[in-house]
Amino acid sequence: MADAGWNYSLVIAAGELFSMGNGYYGRLGHGDNENQSLPKKVEALKNQRIEMVAAGGYHSLVVADGSLYSFGQRNAGQIGHWNLENQNLPKKVAAMESKRIEAIAAGGQHSLVLADGELFSFGEGGYGQLGDGTFEENRAVAKKVDFFGGKHFELMSAGCYHSVVLADGELFTFGGGTEGQLGDGDEKDQPL
């Protein structure tokens, strides 16, 4: 599995995590901000089996041995930690520790996590992309998206300022829509 973010890439090979590209804000997970022109193993997770990766604008999400880790820029809360600093090394997302992670998506400055059959979001929400029905600016801790009730999630994706979710065969879009990217026939931001 692999994912490409803004000028960088995350790759799983033989159960290990490798990253390459632009290292701004620590999003490569090597403890620094250096660029990597060749794939480099993320040593901080070397003894864990990497299951999923999601590369965002300047932040990364990784599921290793069933736990959610994040690193990179945290200016809008998109890495899910309370601290006010960027995270140069992978760090467990405390709010998701007791959850079974099923899928992850990293947008421009927000994150989506499907865990225990429920959708959680955190990060920038000023365009409505967190799916909680508001235009809340930033949220640093994962919060369950209650709108979907008992629907079964099939797919999800996070764009720069919007999100897309497929649940029980229905497509839901929310967030920035000024260029028609929500597909609902207008060009307005929609919180849900």
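Definitions and cut-offs
- Residues numbered from 1 in each chain as written.
- Predicted model: local features only at pLDDT ≥ 70, side-chain atom pairs only at ≥ 80, totals over all residues.
- Heavy atoms only, no water.
- Helix = DSSP H or I, 4+ residues; strand = E, 2+ residues; numbered from the N terminus.
- Buried < 20%, exposed > 50% of the residue type's maximum accessible area, 1.4 Å probe, protein only.
- Contact = heavy atoms within 4.5 Å.
- Lys, Arg positive; Asp, Glu negative; His and termini not counted.
- Charge placed at Lys NZ, Arg CZ, Asp CG, Glu CD.
- Pairing = 2+ DSSP bridges.
- Axes fitted to C-alpha atoms, helices over the stretch in contact; angles between N-to-C directions.
- Core = buried A, V, L, I, M, F, W, Y, C linked by side-chain atoms within 4.5 Å.
- Phe/Tyr/Trp six-rings, centres within 6.5 Å; stacked < 30°, edge-to-face > 60°.

S.K.: Describe the overall build of the protein, listing the residues and the values that go with them.
M.R.: Summing up its helical and strand segments, the protein has zero helices and 15 strands in all. Once the C-alpha set of the protein is aligned to its principal axes, its extents read approximately 45 × 30 × 30 Å. Of all 192 residues assigned to the protein, the portion counted as buried reaches 49%. Looking at the protein alone, contacts between residues at least 24 apart form 43% of all its contacts between residues at least 6 apart. Between the averaged position of the 15 positive side-chain charges in the protein and that of its 25 negative side-chain charges there is a distance of 7 Å.

S.K.: Any chance you could break down the sheet that holds strand β2 (residues 8–13) for me, citing the residues and the numbers?
M.R.: Taken together, the four strands give an open sheet; going across it, the order is β1-β2-β3-β4, and neighbouring strands pair in antiparallel fashion. Each edge of the open sheet carries a strand with a single partner, namely β1 (2–5) and β4 (36–41). On average, adjacent strands in this sheet sit at an angle of 15 degrees to one another, irrespective of strand direction.

S.K.: Which residues make up the nonpolar core, and what values do they have?
M.R.: One recurring pattern in soluble globular proteins: nonpolar side chains tend to sit buried together. Judged by nonpolar contacts, the single largest core of 15 residues is most densely connected at Leu68, Met96, Ile101, Ile104 and Val113. Looking at this core, the elements with two or more residues in it are β5 (50–55), β6 (59–64), β9 (101–106), β10 (110–115) and β11 (118–124). No other element matches β9, which puts three residues into this core. Setting aside anything within four residues of it in sequence, one finds Ile104 in contact with Met52, Val53, Ala54, Leu61, Val62, Val63, Leu68, Leu112, Val113 and Met156. In this structure, Ile50, Val62, Ala64 and Phe71 belong to the second largest nonpolar core, which totals 14 residues.

S.K.: So what's going on with the packing of aromatic side chains? Residues and values would help.
M.R.: Aromatic ring pairs: the centre-centre distance and the angle between the two ring planes describe each pair. All told, the structure shown has nine aromatic pairs when counted by the stated rule. The rings of Phe147, Phe148, Phe153, Phe172 and Phe174 are connected pair by pair, giving a single aromatic cluster.

S.K.: Talk me through the pairing of β2; I want residue IDs and the actual numbers.
M.R.: Residues Tyr8, Leu10 and Ile12 line the buried face of β2, whereas the alternating positions Ser9, Val11 and Ala13 sit on a face that is not buried. The antiparallel pairing of β1 with β2 creates a hairpin that spans two residues between the two strands, and Asn7 there sits at a positive phi of about 65 degrees. Alignment of β2 against strand β3 (residues 16–21), held across six bridges, turns out to be antiparallel. Note on β3: the bridge partner recorded for Leu10 is Ser19. Hairpin connection of β2 to β3: two residues between the antiparallel strands, including Ala14 at a positive phi of 50 degrees.

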